[in-house]
Amino acid sequence: QVQLVESGGGLVQPGGSLRLSCAASGSIFRIYDMGWYRQAPGKQRELVARITSGGSTNSVDSVKGRFTISRDNAKNTVYLQMNSLKPEDTAVYYCNLRVQSIGSSWLYEYWGQGTQVTVSS
């Protein structure tokens, strides 16, 4: 089993910054893609940004130039640095990892518990 623990959400004023973290632990052989999704009230969950095991990234247009995804493979952790936050960034943010467990050749997808980000003055 693999456990994900998210941290870093909170209330911030427009223009402010937050850094989200998602640490994975458990029976991990290798972590492939890591990503962040978000879901605002009344809306579908959407991809924010992803990073491959090789470090290639992609992100949704609305956050380009403001959000940066990164990963620390030694710590099995993915980060989302969010700058110049806007009220429309308000949502619950979820990390998502594709993991190969020890002793298995299968890839499984895991989700974090979600962390609330609220951008408001």
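Above this text sits the structure in question.
Residues numbered from 1 in each chain as written. Predicted model: local features only at pLDDT ≥ 70, side-chain atom pairs only at ≥ 80, totals over all residues. Heavy atoms only, no water.

(A) The arrangement of the overall build of the chain in detail. Per the secondary structure count, the chain includes 0 helices and 11 strands. Scanning the chain from its N terminus toward the C terminus, one meets helices and strands in the order β-β-β-β-β-β-β-β-β-β-β. A compact globule built from 121 residues should have a C-alpha radius of gyration of about 14 Å, and the chain, at 14 Å, falls within 12% of that. Oriented by its inertia axes, the alpha-carbon framework of the chain measures out at about 50 × 25 × 25 Å. Considering the chain as a whole, with its 121 residues, one finds that 42% of them fall into the buried category. Relative to all contacts within the chain whose residues are 6 or more apart in sequence, the contacts with residues 24 or more apart total 55%. Here the chain carries 12 positive and 8 negative side-chain charges, and the mean point of each set is 3 Å from the other. (Helix = DSSP H or I, 4+ residues; strand = E, 2+ residues; numbered from the N terminus. Rg over C-alpha atoms; globule rule 2.2 N^0.38 Å. Buried < 20%, exposed > 50% of the residue type's maximum accessible area, 1.4 Å probe, protein only. Contact = heavy atoms within 4.5 Å. Lys, Arg positive; Asp, Glu negative; His and termini not counted. Charge placed at Lys NZ, Arg CZ, Asp CG, Glu CD.)

(B) The arrangement of the environment of Val-60 in detail. Within the secondary structure layout, Val-60 lies in the loop between strand S6 (57-59) and strand S7 (67-72). With 14 residues separating them along the chain, Val-60 and Glu-46 place their C-alpha atoms 8.8 Å apart.

(C) Examining the packing of aromatic side chains more closely. Here the structure, examined in full by the defined rule, presents 1 aromatic pair. Relative to Trp-111, the ring of Tyr-37 has its centre 5.0 Å away and its plane inclined at 65 degrees; by these criteria the two rings are edge-to-face. Of this pair, Tyr-37 sits in strand S4 (residues 28-39) while Trp-111 sits in strand S10 (residues 107-111), and the two are 74 residues apart along the sequence. On the basis of relative accessible area, Trp-111 is assigned to the partly exposed category, the value being 36%. In this structure, Arg-19 is placed above the aromatic ring of Tyr-79, and the distance from its NZ or CZ to the ring centre is 4.0 Å. (Phe/Tyr/Trp six-rings, centres within 6.5 Å; stacked < 30°, edge-to-face > 60°. Lys NZ or Arg CZ within 6 Å of the ring centre and 35° of its normal.)

(D) Focus on the sheet that holds S7. Taken in spatial order, the 4 strands line up as S1-S3-S8-S7 in an open sheet, and their pairing is antiparallel. This sheet does not close on itself; its edge strands, each paired only once, are strand S1 (2-7) and S7. This sheet shows a mean twist of 15 degrees between the axes of neighbouring strands, independent of strand direction. Examined bridge by bridge, S1 and strand S3 (residues 18-26) share 6 bridges and lie antiparallel to one another. When the bridges of S3 are listed, Val-5 appears paired with Ala-23. (Pairing = 2+ DSSP bridges. Axes fitted to C-alpha atoms, helices over the stretch in contact; angles between N-to-C directions.)

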